[in-house]
Structures are given as structure tokens and as C-alpha cells.
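Residue-level structure breakdown
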Amino acid sequence: AKPRPGLGFEAARDLGLDLAASYMIGDKTDDVLFGLNIGAVPVLVLTGYGRAAASALAALGVRPAHTAAGVLDAAVWILEHERLAGHGPV
């Protein structure tokens, strides 16, 4: 169960995923912790449970790589993050 990384590692192995080059987008504290635990870039969206999760994460001293207004904002940030890292189209 999230945020334990076992299933993430199993999925990565089965599907050939590079977790270090992956993103975890979610609206819950466990989503961000799961992303961190599997070595992915965690992105918190403020929709759904996101605002409460932002407060809970701050209380834990945990910061997602990015906090987005919603999924579209998260996708735009990821594309820009990848572009600045030299991956994908410029």
C-alpha cells in the first residue's frame, strides 16, 4: 500500500520503467510520499484532497518537487521541467 514502494518497484521491473525519470502526480500526502519512496519526481495537485495534503506535507517538512493548481498545470510544469533538463522537444 502507498506510500510503501514495493508495488512501484515491481511495476517498474515488469514494465521496464525508469523511476528516476518518472513523475508521480497526486492529490494526497501518500501520493507524494510514494513518489519520493520510489525515486520519482513528486507533483502535488491542489484539486481533490490537495489543499489538505499540502498542509499535512508542510507539517511533516516534506516538499513535493512542484505544487500545481491541477493536472493540466502539472503537465505543463513537467514538460517545462523536461525541456530545461534537455529532454524532449525544445
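Coordinates for the structure precede this section.
Every chain's residues receive numbers from 1 upward, in the order its sequence appears when written. With the structure being a predicted model, the display of local features is reserved for residues of pLDDT at least 70 and the display and counting of side-chain atom pairs for 80 or more, all residues being used for whole-chain, interface and lining totals. The side-chain numbers reported here are obtained from all heavy atoms of the structure, hydrogens and water having been left aside.

1. Description of the environment of Tyr-23
Its place among the elements puts Tyr-23 in strand β1 (residues 23-26). Separated by 29 residues in the primary sequence, Tyr-23 and Ala-52 have C-alpha atoms spaced 21 Å apart. Contacts were defined at the residue level, with two residues in contact if any of their heavy atoms lie within 4.5 Å. Discounting chain neighbours no more than four positions away, the residues touching Tyr-23 are Ala-40, Val-41, Val-43, Trp-77, Ile-78, His-81 and Glu-82. In this structure the side chain of Tyr-23 is engaged in a polar contact, spanning 2.8 Å, whose partner is the side chain of His-81. Here a polar contact means two N or O atoms within 3.5 Å. Within protein one must be a hydrogen donor candidate and the other an acceptor candidate, and residues neighboring in sequence count only if both atoms are side-chain atoms. Separated by 2.5 Å, the side chains of Tyr-23 and Glu-82 make a polar contact. Helix numbering and strand numbering both begin at the N terminus, where a helix is a DSSP run of H or I of at least 4 residues and a strand a DSSP run of E of at least 2.

2. Examining the pattern of salt bridges
Pairing between side chains becomes possible if they bear opposite charge and their charged atoms approach one another. In what follows, salt bridge is the name for a side-chain nitrogen of Lys or Arg lying within 4 Å of a carboxyl oxygen of Asp or Glu. All chains considered together, the criterion is met by 1 salt bridge. We note a salt bridge from Arg-83 to Glu-80, for which the minimum N-O separation is 2.7 Å. Of the two residues, Arg-83 and Glu-80 are both situated in helix α4 (residues 71-84); the distance of 3 residues between them amounts to about one turn of the helix. Judged by relative accessible area, Glu-80 falls into the partly exposed class, the value being 34%. Only protein chains enter the accessibility calculation, which uses a 1.4 Å probe. A residue is then buried if its area is under 20% of the maximum for its type, exposed if over 50%, and partly exposed in between.

3. Notes on the packing of aromatic side chains
Note on aromatic contacts: the rings of Phe and Tyr and the six-membered ring of Trp form a pair at centre separations within 6.5 Å, being stacked when their planes are under 30 degrees apart, edge-to-face when over 60 apart, and tilted otherwise. One pass over the structure, following the stated rule, counts 1 aromatic pair. With a centroid separation of 6.3 Å and an interplanar angle of 85°, the aromatic rings of Tyr-23 and Trp-77 are classed as edge-to-face. Residue Tyr-23 is located in strand β1, and its partner Trp-77 is located in helix α4; the two are separated by 54 residues in the primary sequence. A relative accessible area of 21% places Tyr-23 in the partly exposed class.

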